[in-house]
Amino acid sequence: MRTLGFTAFMTLLGVAASSCGSQSHTEEGDARTIEMREGAGGAGGAGGMSGLLEIAPPQEEVAPPQDEVAPPQEETAPPQEAAPPQDEVAPPQAEADEPQEEAAATEAPVALPGSTEGCPDGMVRVEGEYCPAVVQECLEYHPEWTKRHGEPGVAARCLRFREPSRCVAKKTESLSFCMDRYEYPNVPGEVPHTLTSWEQAANLCAAQGKRLCTEAEFNFACEGPEMLPYVYGYERDAETCNQDREYRFPDHSQRLLHHAACQQNERCAAELARLDGREPAGSRAECASWAGVFDLNGNVNEWVVRTDQKAPYRSGLKGGWWGPIRSQCRPMTTFHKEDDYGYEVGFRCCADAEAPAAE
């Protein structure tokens, strides 16, 4: 059993390392290459095809604006009414024709984005035309990459892509499916599960009458018909989704345990807490895709099914996690086997959508 973790990040950056006794973890692709995956049967089919893209040198780095926090307003106690004199008698109250009802101060429920038609509770419907092969050209990389690419701990993060993305597939695929709105356990306000292998994730989804999402389903739910590089558009924004946080080096002297066992082990739980950068599901309202799915970029890496592969290579990782890594919609890490797991690796479930009722 191998874990991901530090290797997930360092191998993404071209560094071969081991996380908690596991195989190294990487994101595929060179700084000047945008990967295009051609469908090879089924919604999640993929085939290799890559093109070289020249990039413009980075411009002067601009520090992100700081959010201003308004000072809290002091609450003022309402004025107290004077008590009537003891020797005076209050006049009788006029009897109202109808009882007076106080208006109840109720908050309107928050309207969540997306459609849920034909899907189980907690899932949204994703439907439309999907392009299996896309060109997304980076115009400006993070200064860290342009100045230090090739060094350990440096990822090819793109700050700005050319608009629009281009579909280069011969034809598109019609997709219609249901996807969990949040990362597993799909509960708003709860942090997603990690330290879960592809095999375990597939079994947990099956126990709910669902399945793991395919590569194509993840791509389309994230990028939509516009084929956006990021769930929120063409320009990288570390505030919209939980990404680009400072990396913390794991302790390699002892391996982390699987999710449930780690919670019961004091040493493992402490190490996970030290490394942890997860946020509760749905914490960032703007990190919702066009279809109404949250946290498809950042927060945790997500297992998907590679439908063009056989065991033990059906597993892929999508979306990125909270660290300073690529975290785009389309790229996928493909070499981790189905029993691998890591402190930054989670998943969500998909299901087939019900056909609309005949009129």
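What you see is a predicted model; the values in this text were computed from it and never measured.

### Digging into the overall build of the protein chain
For step 1, the next point in the chain: A count of helices and strands for the protein chain gives six helices and 14 strands.
For step 2, the next point in the chain: Of the contacts formed within the protein chain by residues at least 6 apart in sequence, a portion of 71% connects residues at least 24 apart.
For step 3, the next point in the chain: When the accessible surface of the protein chain is split by element, carbon and sulfur atoms take 50% of a total near 19,100 Å².

### Remarks on unusual backbone geometry
Working note: non-glycine residues mostly have negative phi, and peptide bonds are mostly trans.
For step 1, the next point in the chain: Of the consecutive residues Tyr184 and Pro185, the connecting peptide bond is found in the cis state with omega at 20°.
For step 2, the next point in the chain: On the secondary structure map, Pro185 appears in the loop between β8 (173–180) and α3 (198–207).
For step 3, the next point in the chain: In this model, Ala311 is joined to Pro312 through a cis peptide bond whose omega is 5°.
For step 4, the next point in the chain: In this structure, Asp244 is a non-glycine residue whose phi angle is positive, near 65°.
For step 5, the next point in the chain: In this fold, Asp244 is placed in the loop between α4 (215–223) and α5 (259–264).

### Observations regarding the nonpolar core
For step 1, the next point in the chain: Val126, Phe177, Met179 and Leu296 are the most contacted members of the largest nonpolar core, which has 22 residues in total.
For step 2, the next point in the chain: Every element with two or more residues in this core is listed here: β3 (123–130), β8 and α4.
For step 3, the next point in the chain: Every residue in contact with Phe177, bar those within four places of it in the chain, is listed here: Val124, Arg125, Val126, Arg211, Glu217, Ala221, Cys350, Ala351 and Ala353.

### Some points on the sheet that holds β8
Hydrogen bonding along the main chain pairs the strands of a sheet, whether they run parallel or antiparallel.
For step 1, the next point in the chain: Strand order in this open sheet of four strands is β3-β8-β14-β9, and the pairing throughout is antiparallel. Each edge of the open sheet carries a strand with a single partner, namely β3 and β9 (211–212).
For step 2, the next point in the chain: Examined bridge by bridge, β3 and β8 share eight bridges and lie antiparallel to one another. Across the sheet, Val124 pairs through a bridge with Met179, a residue of β8.

### Quick word on the confidence of the model for the protein chain
Where the model shows low pLDDT, its predicted coordinates should not be examined in detail.
For step 1, the next point in the chain: For the protein chain, per-residue confidence averages 78 on the pLDDT scale, and 68% of positions sit at 70 or higher.
For step 2, the next point in the chain: When the criterion is pLDDT under 50, residues 1–106 qualifies, and its contacts beyond four places in sequence or with other chains add up to 212 contacts.

### A closer look at the state of the cysteines
For step 1, the next point in the chain: On inspection of all chains with the given rule, the structure shows eight disulfides.
For step 2, the next point in the chain: Between Cys131 and Cys167 runs a disulfide, and the two sulfur atoms are separated by 2.1 Å. Between Cys131 and Cys167, the disulfide has an S-S torsion of 90° and is therefore right-handed. Linking Cys131 in the loop between β3 and β4 (134–135) with Cys167 in strand β7 (residues 166–167), this pair joins segments that are 36 residues apart in sequence.
For step 3, the next point in the chain: Look at Cys131 and you get buried, because its relative accessible area is 4%.
For step 4, the next point in the chain: Between the sulfur atoms of Cys205 and its disulfide mate Cys349 the distance is 2.1 Å. Given an S-S torsion of about -90°, the disulfide between Cys205 and Cys349 has left-handed geometry. On the criterion of sequence distance, the pair formed by Cys205 in helix α3 and Cys349 in strand β14 (residues 349–352) is long-range, its members being 144 residues apart.
For step 5, the next point in the chain: The buried category is assigned to Cys205, whose relative accessible area is 0%.

### Looking at helix α6 (residues 266–275)
For step 1, the next point in the chain: For α6, the set of buried residues is Cys268, Glu271, Leu272 and Leu275. The buried residues of α6 occupy an angular sector of 100° when projected down its axis, which confines them to one face. With respect to the buried face of α6, the exposed residues turned more than 90 degrees away are Glu266 and Ala273.
For step 2, the next point in the chain: In this structure, the buried residues of α6 make contact with α5.

### Some details on the environment of Pro280
For step 1, the next point in the chain: Among the structural elements, Pro280 can be located in the loop between α6 and β10 (301–305).
For step 2, the next point in the chain: Owing to a relative accessible area of 35%, Pro280 belongs among the partly exposed residues under this scheme.
For step 3, the next point in the chain: Note: C-alpha distance between Pro280 and Glu183 (97 residues apart in sequence) is 9.6 Å.
For step 4, the next point in the chain: Excluding residues within four positions of it along the chain, Pro280 makes contact with Gly189, Glu190 and Val191.

### Some words on the sheet that holds β10
For step 1, the next point in the chain: Pairing is mixed in the open sheet, where four strands are placed in the order β12-β11-β10-β13. Single-partner strands in this sheet number two, and they are β12 (332–333) and β13 (345–346).
For step 2, the next point in the chain: Each of β10 and β11 (315–318) is contacted by α3, which is oriented at about 75° to β10, the strand it contacts most.
For step 3, the next point in the chain: On top of the sheet, α4 reaches β10, β11 and β12; it is set at about 130° to β10, its chief contact.

Cut-off values and rules
Residues numbered from 1 in each chain as written. Predicted model: local features only at pLDDT ≥ 70, side-chain atom pairs only at ≥ 80, totals over all residues. Heavy atoms only, no water. Helix = DSSP H or I, 4+ residues; strand = E, 2+ residues; numbered from the N terminus. Contact = heavy atoms within 4.5 Å. Areas by Shrake-Rupley, 256 points an atom, 1.4 Å probe, with all protein chains shown as cover. Core = buried A, V, L, I, M, F, W, Y, C linked by side-chain atoms within 4.5 Å. Buried < 20%, exposed > 50% of the residue type's maximum accessible area, 1.4 Å probe, protein only. Pairing = 2+ DSSP bridges. pLDDT = per-residue confidence, 0-100. Disulfide = S-S within 2.5 Å. Arc of directions from axis to C-beta. Axes fitted to C-alpha atoms, helices over the stretch in contact; angles between N-to-C directions.

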